[in-house]
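Structural description and commentary
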Amino acid sequence: MRLVGKNQAFILGVLLFWGSPRAIGQTLPWPLDNQNGPHRITGTLGEYRTGIPLHFHDGVDVSTSSTFPSTTVKAILNGTIIDSNNGIGANNNFVTIQSGQYILIYMHVVPSFSTTSIIVGDVIGDIYTASNWTGHIHLEQILGAYDMNTLLGPQSGFRGFSDTDPPVIDEVKLYDPASSTEISISSPILRSEINIRSKAHGDQSWGSNNVGVFEMGYQIVDAGTGQIRTQAYPTQAYARIPTASINNPEVAYDTTSSNNSNYYYFVNKSIPVSAPISLTSLQSGTYKACVLVKDAKDPRLISSCSTFRLDKTKPTTTLRDANGVELFSGGASSMTSINVTSTDTFGLAQIAITGVAPRSVTGLTATETFTGLADGSYTATVTDLAGNVNSNNLAAA
């Protein structure tokens, strides 16, 4: 979200270095009462968000709980309050603190402080609770030209924070980069490049079971040998996001399907530059498109794959007359009946001849007989399931 007062905060963050952060090596206290925590994490950096404009979630949401129900908000670093607002609506209530090289924006917070010179643990306000607003603080951390992930730092992130539940990959699909439509992998495909789209989410062991994924990448693996043919990891890593890219989630997400609780990532895309996966170096064969994801505080890589068949080879075709004599492409025949036999590695789709309706065929080998041909030139065309075409010209005389 783009926030009231953020432009001012960003400029100050570049020019000024006020306050003194805690010593390096220490962990951060939590921004809610009982700063030893842990508190519930209900939103993470980089999640897809709807609204005008569409955007990446640019902070971490820390929520109250039955264990720690207090709505009191406290400073997590020493610093100086440089902006605050008490307005209508959760997004118009915030406190902004300059803390050394960091700027911290405590959003959805009704300001309440006695001095602008702040030390760790000072009360700076209360969570906005009007209009049935859910009890959480949105904590945004800015460092230079980046929005940073407070789960990771400074000082290794929040005190006692851990996440032992692995992320979940719900689906892995292939998409056409030009049309952004799904590529069916029930049949072989003939493609020079693809996007990999994955619905995935994080599962906080103490917090929401539906947050964004922290880090991801992909592999294209030979299904027969297990050899990795191409890979990139990580393609997206939400340790930080360029502030200039916050309102451009299309560089990472399928914006036609994603919403505030369903995250459809184009896994091969990176921020701020993205490119499709090239298949030009791959031979015909069976491959696995694999997605790999991990959490911010868990080293385990979780993977899920979809198998697809890449077919770059044209079907073979043989033409014969009624007596079984082979007819060669470009030649002539006095026969009015032609048998077209074709073979393909992955499967045939149809056989056609000029002037006759195409005939659907199945299997790896098929023969079709065309009769009643008059004098003239004909083209026998065979198409396989991937769309490869083999054509043979013949004159019946």
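Throughout what follows, the structure given in this document is the object of discussion. Note that the coordinates shown come from a computational prediction; the quantities given were computed from them, not determined experimentally. Here the residue numbering is sequential within each chain, running from 1 through the sequence in written order. Only residues with pLDDT of at least 70 are given local features in this predicted model, and only at 80 or more are side-chain atom pairs given and counted; all residues enter the totals for whole chains, interfaces and linings. Values reported for side chains reflect all heavy atoms of the structure, with hydrogen atoms and water molecules removed beforehand.

Observations concerning the overall build of the protein
Helix and strand assignments come from DSSP, with helices taken as H or I runs of at least 4 residues and strands as E runs of at least 2, each series counted from the N terminus. When helices and strands are counted, the protein shows one helix and 32 strands. Computation of the radius of gyration draws on C-alpha atoms alone. For the globule rule, the value is 2.2 Å times the number of residues to the power 0.38. For 397 residues, the compact-globule estimate of 2.2 N^0.38 gives 21 Å, and the C-alpha radius of gyration of the protein, at 30 Å, exceeds that figure by more than 25%. Taken along its principal axes, the extent of the C-alpha atoms in the protein is 105 × 40 × 40 Å. Taking all 397 residues of the protein together, 48% fall into the buried category. Long-range pairs, those at least 24 residues apart, make up 65% of the contacts in the protein between residues at least 6 apart in sequence. Reported accessibility uses the Shrake-Rupley method at a 1.4 Å probe radius. Residues are deemed covered only where the shown protein chains occlude them. Split by element, the accessible area of the protein, about 16700 Å² in all, is 50% carbon and sulfur. The classification of residues rests on relative accessible area computed with a 1.4 Å probe and restricted to protein chains. Under 20% of the type maximum is buried, over 50% is exposed, and intermediate values are partly exposed. Contacts: residue pairs with any heavy atoms within 4.5 Å of one another.

Digging into the pattern of salt bridges
Salt bridge, as used here: a side-chain nitrogen of Lys or Arg that lies within 4 Å of a carboxyl oxygen of Asp or Glu. The final tally for this structure, using the stated rule, is eight salt bridges. For D33, the salt bridge identified is with K74, shortest N-O distance 2.9 Å. With D33 in the loop between α1 (6-15) and β1 (40-43) and K74 in strand β5 (residues 72-74), the pair connects residues that are 41 residues apart, well separated along the chain. Note that K173 and E182 form a salt bridge whose closest N and O atoms lie 3.8 Å from each other. On the basis of relative accessible area, E182 is assigned to the partly exposed category, the value being 44%.

A few points about the sheet that holds strand β23 (residues 298-310)
In spatial order, the strands read β18-β17-β22-β23; together these four strands make up an open sheet with antiparallel pairing. Edge positions in the open sheet fall to β18 (228-237) and β23, since each of these has one partner strand only. When the angles between neighbouring strand axes are averaged without regard to direction, this sheet yields 15°. Strands qualify as paired when DSSP identifies two bridges or more between them. Both strand β17 (residues 215-222) and β18 contribute to a ladder of six bridges, which runs antiparallel. Counterpart to E215 in the pairing with β18 is A237. Only C-alpha atoms enter the line fits that serve as axes; for helices the fit covers just the stretch in contact. Angles between N-to-C directions range over 0 to 180 degrees.

A few points about the state of the cysteines
Here, two cysteine sulfur atoms that lie within 2.5 Å of each other are counted as a disulfide. Scanning all chains against the criterion turns up one disulfide. Put simply, C290 and C305 are joined by a disulfide, and their sulfur atoms are 2.1 Å apart. Handedness here is read from the sign of the S-S torsion; for C290 and C305, about 105°, the answer is right-handed. Remark: C305 occurs in strand β23 and C290 occurs in strand β22 (residues 285-295); sequence separation between them is 15 residues. What makes C290 buried here is its relative accessible area of 5%. Take C305: its relative accessible area is 38%, and that puts it in the partly exposed class.

A closer look at the side chain of N388
Turning to its location among the elements, N388 is positioned in the loop between β31 (376-384) and β32 (389-396). Within 3.5 Å is the distance limit for a polar contact, defined as a pair of N or O atoms, with the added protein rule that one can donate a hydrogen and the other accept it, and that residues adjacent in sequence qualify only through two side-chain atoms. Among the polar contacts listed, one links the side chain of N388 to the backbone oxygen of D311, at a separation of 3.0 Å. Contact partners of N388, with chain neighbours within four places excluded, come to L190, D311, K312, T313, K314, P315, V382 and T383.

Points about the layout of surface pockets
Volume-wise, the largest pocket comes out at about 160 Å³. Lining residues are defined by having an atom within 4 Å of a point belonging to a cavity or pocket. Those points lie on a 1 Å grid over the protein atoms alone, cavities being sets where a 1.4 Å probe fits but cannot get out and pockets being open sets with protein on both sides within 12 Å along at least five of seven lines. T42, E47, R49, D61, S208, N210, N260, S261 and Y263 together form the lining of the largest pocket. Residue composition of the lining of the largest pocket, grouped by class: one nonpolar, five polar and three charged. Grid points are joined across faces, edges and corners, and a volume is the space filled by probe spheres set on the points. In the scheme used here, Gly and all other residues not listed as nonpolar or charged are polar, with Ala, Val, Leu, Ile, Met, Phe, Trp, Tyr, Cys and Pro taken as nonpolar and Asp, Glu, Lys and Arg as charged.

Concerning the pairing of strand β16 (residues 193-201)
Across the nine residues of β16, seven count as buried, placing the element largely inside the fold. Two strands pair when backbone bridges link them, and strand β14 (residues 168-175) and β16 are joined in this way by seven bridges, in the antiparallel orientation. Following the sheet pairing, L174 is matched in β16 by I196. Of the pairings in the sheet, the one linking β16 to strand β21 (residues 277-278) comprises two bridges and is antiparallel in character. Bridge pairing in β21 links I194 to I277. Sheet analysis places β16 next to strand β20 (residues 264-266), joined by three bridges and oriented antiparallel. The partner of K199 across the bridge, within β20, is Y264.

Points about the nonpolar core
As a rule of thumb, soluble globular proteins bury nonpolar side chains together. Within the largest apolar cluster, 35 residues are counted, with the highest numbers of intra-cluster contacts made by I196, I220, Y238 and Y265. Mapped by element, the contributors of at least two residues to this core are β14, β16, β17, β22 and β23. No other element matches β22, which puts four residues into this core. Beyond its immediate stretch of four places on either side in the chain, Y265 contacts I196, R197, S198, A200, G212, V213, M216, Q236, Y238, A252 and Y253. By size, the runner-up hydrophobic cluster in this structure holds 25 residues, among which are W30, L32, V95 and I97. Only buried residues count toward a nonpolar core, which is a set of Ala, Val, Leu, Ile, Met, Phe, Trp, Tyr and Cys residues joined through side-chain atoms within 4.5 Å.

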